[in-house]
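Descriptive structure summary
Take a look at the letters that make up each chain.
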Amino acid sequence: MAALKVSTSGRLLSLDIVEGHDAVSSAKKLLKSRSITGGISTWDASSIFFEMNNLEVDDKPSPRTLVLLYAADLFFRLRWEIVPALDEGKCVVAAPYIETAYAFGAVSGLPKQWLTEVFRFAPAPSESFRANGDSSAKLGVATTGFVEFCSSILGQDLRPKFVEYFDDLERRGACRSI
Amino acid sequence: MIENVRETARKLCEEIRKKGKDRGLLIAFEGPDGSGKTTQRKLFKDWLAGEGYNVKTTKWNSSDLIKPIIKARKNMRSINQEEFCLLHAADFRHRLETEVMPALVKGKMVVADRFLFTALARDAARGLELDWLLHIYSPLYWPDIVFYFSVSPETSGKRIAATRTPKYYEAGQDVTNIEDPFESYNQFISRVIKEYEALAIIFKFITVDAEAPIYDQHVQIRKLFQESRERPWPEWNEEAITDWAMMAPKLVKQREASVGGS
């Protein structure tokens, strides 16, 4: 499977975040800093995670299952939000995007090659950013964001590990802080 | 930590190997809709139980966690091929980790009413690449026996039409764009069967003539099962066991505790 084809006239900015409630404000800040208008696509537009959070089940999903669900949600976002806007020549901030899944994979021991294959469909962003959250803030409820959701499932605050992953990414020049 | 997981996985694999022919087997029933595999699966399960085996059944798209999510989206006709594939892969993974693997390591016989190959056949028929599908579903736990219930597209279509109107995704209307569900089903099931037949050769399925009388098929399945009973454990399943130990450590610990306490 090749990455979804997108118009070259639009711009896709990836913004990976640690605090789910920062998604929209950070995305707006990014657009403002570049003096451009554009759309924002956020996690769980398909409401898979919201619906799952309300189910009473005996066994929680594993990290691998969570990544597959994240991929399903991202495909939905690409199909309904991101690609149509790019095709109209607009700028879209995807907050979060694939690095969040890669970060979770690294945190939970999933092979990078498997993650790369799963997300083969996702077009590469024009530019990549990360937002530094306030790590002293209380962890949000599960439906605030993917990091919070996974933290809730695994029973530990994963934010420091995500920060570590994004710090490393930034050091290697693969993204910039906003 | 990873070393501990590998050690746990190594021990699990060793236990399975030691059990030899007394280990639990994973037996998959595959085939297109209307091939009669559910009837055969029930007959086989009852026979196994009568023979004294401890049997666990797992059905396609049945996890308590993801089935409701898929069902809601199917009702709204809101998912495309890739989302359909990824959601079913999540359902499969969840069942594999929480139902299939725990039962197998306990030495149970696991009878799967559809397994991995259902996804490969249907998703490939929807135009997705087999290579990507195999990655999505990896690491793979290979069944010991795959019974493939072979029917023609015409028979499948007739049997389905005799009982119900095929649903939107069952009829493949999401990819055929044909308004009439019966016409769409006939076209889509031909593609699915073509994919199944290719998979049957690659993965060495045991083909059952699903147009033969029901009892004849059942007798054939019993015989084939007994002939296959002493197959060695597929060593490549070690990767899936290691992954399970890493992804579902609580279930592995529960299992160790139950063994220790027994």
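Residues numbered from 1 in each chain as written. Chains lettered and ligands numbered in written order. Predicted model: local features only at pLDDT ≥ 70, side-chain atom pairs only at ≥ 80, totals over all residues.

Turning our eyes to something else, we now look at the overall build of chain B. Each helix and strand counted, chain B has twelve helices and five strands in total. Out of the 262 residues belonging to chain B, those deemed buried represent 42%. The contacts in chain B between residues at least 6 apart in sequence include a share of 80% that link residues at least 24 apart. (Helix = DSSP H or I, 4+ residues; strand = E, 2+ residues; numbered from the N terminus. Buried ≥ 20, exposed ≤ 12 C-beta atoms within 10 Å, placed from the backbone. Contact = placed C-beta atoms within 7 Å.)

With that out of the way, let us pick up the packing of helix H5 (residues 116-125) of chain B against helix H9 (residues 181-202) of chain B. Residue and element names in this part refer to chain B. Interaxial distance between H5 and H9 falls to 8 Å at its minimum, and their mutual angle equals 130°. Here H5 is positioned oblique relative to H9, judged by the angle of their axes. By crossing handedness, the relation of H5 to H9 is classed as right-handed. Of H9, the residues touching H5 (which contributes Phe117, Leu120, Ala121, Arg122, Ala124 and Ala125) are Phe188, Arg191, Val192, Glu195, Tyr196 and Leu199. (Axes fitted to C-alpha atoms, helices over the stretch in contact; angles between N-to-C directions. Parallel < 35°, antiparallel > 145°, perpendicular 65-115°, else oblique. Left-handed = near helix turned anticlockwise from the far one by under 90°.)

Now for the interface of chain A and chain B. At the junction of the two partners, chain A supplies 25 residues and chain B supplies 25 residues. Looking at the side of chain A that touches chain B element by element, the count peaks at ten residues for helix H3 (residues 63-87) of chain A. For the side of chain A that touches chain B, a count of residues per class yields 16 nonpolar, three polar and six charged. (Nonpolar A, V, L, I, M, F, W, Y, C, P; charged D, E, K, R; others polar.)

On to the packing of helix H7 (residues 153-163) of chain B against H9 of chain B, then. Residue and element names in this part refer to chain B. Packing of H7 against H9 leaves a shortest axis separation of 9 Å and a crossing angle of 140°. Classified by the interaxial angle, the pair formed by H7 and H9 is oblique. Crossing of H7 over H9 shows right-handed handedness. On H9, the residues that touch Pro153, Ser156, Gly157, Ile160 and Ala161 of H7 are Phe182, Tyr185, Asn186, Ile189, Ser190 and Ile193. Looking at the contact of H7 with H9, its residues break down into seven nonpolar, four polar and no charged.

Just geometry here; none of it tells us what the structure is for.
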